[in-house]
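Examination of the molecular architecture
Below, each chain spelled out in residue letters.
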Amino acid sequence: DGGITQSPKYLFRKEGQNVTLSCEQNLNHDAMYWYRQDPGQGLRLIYYSQIVNDFQKGDIAEGYSVSREKKESFPLTVTSAQKNPTAFYLCASTWDSLIYTGELFFGEGSRLTVL
Amino acid sequence: KQEVTQIPAALSVPEGENLVLNCSFTDSAIYNLQWFRQDPGKGLTSLLLIQSSQREQTSGRLNASLDKSSGRSTLYIAASQPGDSATYLCAVRGAGNMLTFGGGTRLMVKP
């Protein structure tokens, strides 16, 4: 089945530790995104990538890092510099070209809790 | 900067009722608008995508309309069911090919 797989679904971290969230897609999409969702707030963009080996900061990139070494993979690292990392993290992907539908597809999310 | 607003933030209706969810945006220069559904603790599921050149899209009991000039979209749900209970989000794709999300409407359909 085609789709976006995020792992782990739940993750607990001690303060001061870096953690990496995995996002893999087999939809052959060019563009991939990471969003953060907090209770009572909308989705906020952390990073996005429109092509392999290139990525751009979103609205709240501080304390996060990403890589895009393969088209199908876009891992997110939450570093110790992120002051309030407890949140629900969502990965998404889409065709980037405006020739296509531009429909955005999401994974099931990863919930990170800092102890 | 694009701003997307969804009103109401929460809605409770009895089963069987037809209902309308609203989405408004400040910059009418959009490429498309997408409606999503989110169940608690889950990711977002795409419901309908309306391109800027379209006025509406339909899928089953769902109908979404788009009025770019007034910066508004509505999601119409016919004959609501308890299984429709979820949070509904709209997102617009605009300048720089970026999406801006609304805060969502939390819908509860009571049996």
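Just above, that's the structure.
All figures in this text were calculated on a predicted structure; none of them were measured in a lab. (Residues numbered from 1 in each chain as written. Chains lettered and ligands numbered in written order. Predicted model: local features only at pLDDT ≥ 70, side-chain atom pairs only at ≥ 80, totals over all residues. Heavy atoms only, no water.)

**What about the overall build of chain B?**
The helix and strand inventory of chain B stands at zero helices and 11 strands. Whereas a compact globule of 111 residues would reach a radius of gyration of roughly 13 Å, chain B reaches 13 Å, a difference of no more than 12%. Overall, chain B is about 45 × 25 × 20 Å in size when its C-alpha atoms are taken along their principal axes. Here chain B holds 111 residues, and 44% of them are scored as buried. Pairs at least 24 residues apart make up 54% of the contacts formed inside chain B by residues separated by at least 6 positions. As presented, chain B carries roughly 5,200 Å² of accessible surface, and 50% of it is formed by carbon and sulfur atoms. Looking at chain B, you have 10 positive and 8 negative side-chain charges, and the mean spots of the two groups are 5 Å apart. (Helix = DSSP H or I, 4+ residues; strand = E, 2+ residues; numbered from the N terminus. Rg over C-alpha atoms; globule rule 2.2 N^0.38 Å. Buried < 20%, exposed > 50% of the residue type's maximum accessible area, 1.4 Å probe, protein only. Contact = heavy atoms within 4.5 Å. Areas by Shrake-Rupley, 256 points an atom, 1.4 Å probe, with all protein chains shown as cover. Lys, Arg positive; Asp, Glu negative; His and termini not counted. Charge placed at Lys NZ, Arg CZ, Asp CG, Glu CD.)

**Looking at unusual backbone geometry**
Trans peptide bonds make up most of the peptide bonds, and negative phi angles are found at most residues other than glycine. At the junction of Ser7(A) and Pro8(A), the peptide bond is cis and its omega measures out at -5 degrees in the coordinates. Assignment of secondary structure puts Pro8(A) in the loop between β1 (4-7) and β2 (10-13). Between Ile7(B) and Pro8(B) the backbone carries a cis peptide bond, its omega angle lying at 5 degrees. Among the secondary structure elements, Pro8(B) is positioned in the loop between β1 (4-7) and β2 (10-14). Despite not being glycine, Asn53(A) shows a phi value in the positive range, around 65 degrees. Relative to the elements of secondary structure, Asn53(A) occurs in the loop between β5 (43-51) and β6 (54-57). In this model, Ala79(B) sits at a positive phi of 45 degrees, which is unusual for a non-glycine residue. Among the structural elements, Ala79(B) can be located in the loop between β8 (72-77) and β9 (86-93).

**Looking at the pairing of β6(A)**
Residues and elements named next belong to chain A. Pairing geometry for β5 and β6, over three bridges, is antiparallel. Across the sheet, residue Tyr-48 finds its bridge partner in β6, namely Gln-56. Hairpin connection, β5 to β6: the antiparallel pair is bridged by two residues, and Asn-53 has positive phi, about 65 degrees. (Pairing = 2+ DSSP bridges.)

**As for the pairing of strand β11 (residues 110-114) of chain A**
Residues and elements named next belong to chain A. Only one face of β11 is buried, namely the one carrying Ser-110, Leu-112 and Val-114, since none of Arg-111 and Thr-113 on the opposite face is buried. Relative to β11, β2 is paired through four bridges, and the arrangement is parallel. Across the sheet, the residue bridging to Arg-13 is Val-114, located in β11. Of the strand pairs in this sheet, strand β9 (residues 87-94) and β11 are connected by three bridges, and their pairing is antiparallel. Within the sheet, the bridge partner assigned to Tyr-89 lies in β11 and is Ser-110.

**Some details on the interface of chain A and chain B**
The interface of chain A with chain B comprises 22 residues on the first partner and 20 residues on the second. With both chains or domains summed, chain A and chain B bury close to 1,600 Å², and 54% of this area falls on carbon and sulfur atoms. Along the contact surface separating chain A from chain B lie zero salt bridges. Summed over the shared surface of chain A and chain B, the result is five residue pairs in polar contact (both at pLDDT 80 or more). Broken down by secondary-structure element, the contributors of at least two residues to the side of chain A that touches chain B are β4 (31-37), β5 and β9 of chain A. (Buried area = accessible area lost by both parts, 1.4 Å probe. Salt bridge = Lys/Arg side-chain N within 4 Å of Asp/Glu carboxyl O. Polar contact = N/O pair within 3.5 Å; in protein donor to acceptor, adjacent residues only side chain to side chain.)

**Focus on the state of the cysteines**
All told, the structure shown has two disulfides over all chains when counted by the stated rule. For Cys23(A), the disulfide goes to Cys91(A), at an S-S distance of 1.9 Å. On the S-S bond that ties Cys23(A) to Cys91(A), the torsion sits near -75 degrees, and the link is left-handed. Of the two residues, Cys23(A) sits in strand β3 (residues 19-25) while Cys91(A) sits in strand β9, which places them 68 residues apart along the sequence. Per residue, the accessibility class of Cys23(A) equals that of Cys91(A), and both read buried. Disulfide pairing is shown between Cys23(B) and Cys90(B); the S-S distance is 2.0 Å. Between Cys23(B) and Cys90(B), the disulfide has an S-S torsion of 80 degrees and is therefore right-handed. With Cys23(B) in strand β3 (residues 19-25) and Cys90(B) in strand β9, the pair connects residues that are 67 residues apart, well separated along the chain. (Disulfide = S-S within 2.5 Å.)

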